[in-house]
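Examination of the molecular architecture
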Amino acid sequence: MQEKLTALRDAALGELQIADSAKSVEELRVKYLGKKGELTAILKQMGGLSAEERPVIGALANTVRSEIENAIAARSAEVDAIELEHRLKAERIDVTLPGKTPRVGHKHPMSIVLDEAKDIFISMGFTVAEGPEVELSVYDFDKLNIPPNHTVREWSDTFYVAEDESVHLRCQTSPVQVRVMEKQSPPIRIISPGRVYRKDEVDATHSPMFHQIEGLVVDRGITLGDLKGTLNALVGKLYGTGTKTRFRPHHFPFTEPSCEVDVECFVCGGKGCRVCKGEGWIELLGSGMVHPKVLAGVGIDPDEYSGFAFGIGVERMTMLRFGIDDMRLLFENDTRFLSQF
Ligand code: DAH
């Protein structure tokens, strides 16, 4: 029995020496010291020993047990250290490697120009108003003094939502003028940027969806001089102080008198070229003095108050600002184009 115990110890210590993981050390512990382990098996045979032998073998068994236990503790500490070292090697992070630079986006050119325009108007005391894109025809047409037979009311021009023509995708931001005047009494000074929709084919200067900034000022004693001063200030800030403008008579049903405002061509400086189609000028916006009928329609007395209004094309404004000659570039989302701004 003595030999069995020492043989068991030698075997256990030998196997522990080559155990190379926490798992195999644990397996050896179960194999030798577990309840169904080899040491227990030997101790069960102690009943057959004589009274003299029993304490001797008992003492040896205890020694063997604690030798194996010590060896297990020592080996498992070694194995833990080895495993930790492996993990540290495998999971090492090289902080000196150059990082992967993330691609940072930026504002779309139209947002750049829109934000500039908003800042300019806000600095002149305007506030920003909003209106719905799905609009009642009453607001987009009737209350803006647009006659029943006007071509803009045709199905070929406008995206109707209701069969009875009472609702459509607004074709201009002008209905916001009416919505603001119905809620607020003068003095009024607002701009309203947003999307508008028209049944236009896509080409270099058209898109069925585009953006406008509407403007409206109503107060006592507002004149065409205020309109010119405000719009000239806008153009000067957007395109440089020396930029020339031209106020050209025009017709809009909701303003009287009405004018279109042109800006000197950014390519040829007024001489006439391909971009301005030989004109020397590029149209930027429509404007005028708010029609007395429109004022009266929202309960503002046209004898007491007057106002001016304007509608600017944001795509046009952006193209002029950056010298872009094709509107489609603004909608295609080609990052080779967009990254230039
Ligand atoms: N709504 C007009 C358009 O889309 C532009 C316009 C002209 C707006 C004159 C105005 C204005 O406010 O007074 O063509």
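None of the values given here were measured: they were computed from a predicted structure.

**Observations regarding the overall build of the protein chain**
Across its full length, the protein chain carries eleven helices and nine strands. Counting the 341 residues in the protein chain, one finds 40% classified as buried. Across the protein chain, the fraction of contacts at a sequence separation of at least 24, relative to all contacts at a separation of at least 6, is 65%.

**Focus: the nonpolar core**
Of all hydrophobic cores here, the largest spans 39 residues; its most connected members are Leu284, Phe310, Ile312 and Met317. Residue assignment for this core shows that the elements contributing at least two residues are helix H5 (109-123), strand E5 (209-219), helix H8 (224-239), strand E7 (255-264), strand E8 (281-290), strand E9 (306-313), helix H10 (314-322) and helix H11 (335-338). Sorting elements by how many residues they give to this core places H8 first, with six residues. Excluding residues within four positions of it along the chain, Phe310 makes contact with Phe121, Ile191, Ile213, Glu214, Gly215, Leu231, Leu285, Gly286 and Ser287.

**Structural notes on the packing of aromatic side chains**
The tally for this structure, following the rule as stated, stands at seven aromatic pairs. With 4.7 Å between their ring centres and 35° between their planes, Trp155 and Tyr160 make a pair best called tilted. Looking at Tyr160, the relative accessible area reads 12%, which means it is buried. Taken together, Phe121, Phe126, Phe308 and Phe310 form an aromatic cluster joined through their ring pairs. When the ring centre of Tyr139 is taken as origin, the NZ or CZ atom of Arg179, which lies over that ring, is 4.1 Å away. The positively charged end of Lys228 is found above the aromatic ring belonging to Phe247, 5.1 Å away from the centroid.

**Regarding the environment of Gly125**
Structurally, the position occupied by Gly125 is in the loop between H5 and strand E1 (127-128). Residue Gly125 is classed as partly exposed on the basis of its relative accessible area, which comes to 39%. For the pair formed by Gly125 and Pro187, sequence separation is 62 residues and the distance between their alpha carbons is 11 Å.

**So, the packing of H5 against H10**
Relative to each other, H5 and H10 sit at 100°, their axes nearing to 9 Å. The pairing of H5 with H10 is recorded here as roughly perpendicular in orientation. Taking contact as the criterion, the partners of Pro109, Met110, Ile112, Val113, Glu116 and Ala117 in H5 are, on H10, Val314, Glu315, Met317, Thr318, Arg321 and Phe322. Among the residues making up the contact of H5 with H10, the classes are represented as eight nonpolar, one polar and three charged.

**Remarks on the domain arrangement of the protein chain**
According to the domain assignment, the protein chain contains domain 1 (2-90) and domain 2 (110-338). Placing a centre on the C-alpha atoms of domain 1 and another on those of domain 2 gives a separation of 91 Å.

About the criteria used
- Residues numbered from 1 in each chain as written.
- Predicted model: local features only at pLDDT ≥ 70, side-chain atom pairs only at ≥ 80, totals over all residues.
- Heavy atoms only, no water.
- Helix = DSSP H or I, 4+ residues; strand = E, 2+ residues; numbered from the N terminus.
- Buried < 20%, exposed > 50% of the residue type's maximum accessible area, 1.4 Å probe, protein only.
- Contact = heavy atoms within 4.5 Å.
- Core = buried A, V, L, I, M, F, W, Y, C linked by side-chain atoms within 4.5 Å.
- Phe/Tyr/Trp six-rings, centres within 6.5 Å; stacked < 30°, edge-to-face > 60°.
- Lys NZ or Arg CZ within 6 Å of the ring centre and 35° of its normal.
- Axes fitted to C-alpha atoms, helices over the stretch in contact; angles between N-to-C directions.
- Parallel < 35°, antiparallel > 145°, perpendicular 65-115°, else oblique.
- Nonpolar A, V, L, I, M, F, W, Y, C, P; charged D, E, K, R; others polar.
- Domains from an automatic or database assignment.

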